[in-house]
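# Summary of structural features
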Amino acid sequence: MTELLMFIDAKVRNGGHMIALIRCDDRLIHGQCMTVIVKEYDIKTILVVDDMTASNPILKSVFAAAVPSNMKARALTVDEAVPKITAAMGNEERTLVLMKSPEVYCKLLERIPDLPKDLNVGPMSNRKGSTEVNPSIHLMPNESAACAEAADQGVHVWFRQVPGQPIIEWDSVKDRF
């Protein structure tokens, strides 16, 4: 499926919301995110949902400085993110919701029932006790449990490091966990 068709398909699944992508990437904002993901999805705002980052003024300023001047980026706690994501769902600004773990997505889904039911899991570091999805994506047991929980709630959970690579569907790897 071409990237445009995937976008249109995701937009239909997401009820037309302008959350362009909800993504887990344990590196959050980094070069690959800024050079590939942001351009591919024409992102204008990034909402980083990470309690540790949001509560550290130095990390917050680093993330805000990491994006081009024509974009907005905010680091938010889960509590702070709920109204911001809800607002983004109702506007026309293309927004990336970015988090370190699928567990955060599940927390958001509990609080925002209309949250788009589409979760891209990107790079997740190889850590002791993790299981490989592919060479760049590894899940800890709590992360795979969150993916299963999301999928059980009708969320399309899929894995891909960058656009242009093949998509790996949760259903094709869930038996590894």
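Relevant structure appears above.
What counts, and where the lines are drawn
Residue numbers here run from 1 along each chain, matching the order of that chain's written sequence. Local features in a predicted model are, by the rule used here, given only for residues with pLDDT of at least 70; side-chain atom pairs are given and counted only at 80 or more, and totals for whole chains, interfaces and linings are based on all residues. Excluding hydrogens and water, the side-chain figures rest on all heavy atoms present in the structure. A run of H or I in DSSP becomes a helix once it reaches four residues, and a run of E becomes a strand once it reaches two; helices and strands are each numbered from the N terminus. Contacts between residues were defined by any pair of non-hydrogen atoms, one from each residue, lying within 4.5 Å. Accessible surface area values rest on a Shrake-Rupley calculation with a 1.4 Å probe, where residue burial reflects the displayed protein chains alone. Exposed residues in this analysis have more than 50% of their type's maximum accessible area, buried residues have under 20%, and partly exposed residues fall in between, with area computed by a 1.4 Å probe over protein chains only. Any carboxyl oxygen of Asp or Glu that lies within 4 Å of a side-chain nitrogen of Lys or Arg is treated as forming a salt bridge with it. Throughout this description, a polar contact denotes any pair of N or O atoms lying within 3.5 Å of each other; where both atoms belong to protein, one of them has to be capable of donating a hydrogen while the other can accept it, and for residues adjacent in sequence the pair is counted only when both atoms sit in side chains. Aromatic pairs are defined between Phe, Tyr and Trp rings, using the six-membered ring for Trp, whenever the two ring centres lie within 6.5 Å; interplanar angles under 30 degrees are classed as stacked, those over 60 as edge-to-face, and all others as tilted.

Moving on to the overall build of the protein. Counting secondary structure elements, the protein contains 8 helices and 9 strands. In the protein, once contacts between residues fewer than 6 apart in sequence are set aside, the share between residues at least 24 apart is 68%. If you sum the accessible surface of the protein, you get close to 8400 Å²; carbon and sulfur atoms cover 56% of it.

In terms of backbone geometry, most residues other than glycine have negative phi values and most peptide bonds are trans. At Asp42, a residue that is not glycine, the phi angle is positive and equals roughly 50 degrees. As for its position among the elements, Asp42 is in the loop between α2 (31-40) and β2 (45-49). For Asp42, a relative accessible area of 39% puts it in the partly exposed group.

Now for the pattern of salt bridges. One pass over the full model with this rule turns up 7 salt bridges. Between Asp42 and Lys44 there is a salt bridge; the shortest N-O distance is 3.1 Å. Of the residues examined, Lys44 reaches a relative accessible area of 34% and is grouped as partly exposed. Several salt bridges share partner residues, and in doing so they unite Arg23, Asp25 and Arg27 into one network.

With respect to the element layout, Ser101 can be found in the loop between β4 (95-99) and α6 (102-111). Within the local environment of Ser101, its side chain forms a polar contact with the backbone nitrogen of Glu103, the two atoms lying 3.0 Å apart.

All right, on to the packing of aromatic side chains then. The tally for this structure, following the rule as stated, stands at 2 aromatic pairs. Arranged with centres 6.3 Å apart and planes meeting at 35 degrees, the rings of Phe159 and Trp170 form a pair that is tilted. Residue Phe159 is found in strand β8 (residues 156-159), and its partner Trp170 is found in helix α8 (residues 170-173); the two are separated by 11 residues along the sequence. Of the residues examined, Phe159 reaches a relative accessible area of 0% and is grouped as buried. A residue is classified by how much of its surface remains accessible, and Trp170, at 5% relative accessible area, is buried. When the ring of Trp170 is compared with that of Phe177, the centres are 5.6 Å apart and the planes differ by 15 degrees; the resulting orientation is stacked. Clustering of aromatic rings is evident, with ring pairs tying together Phe159, Trp170 and Phe177.

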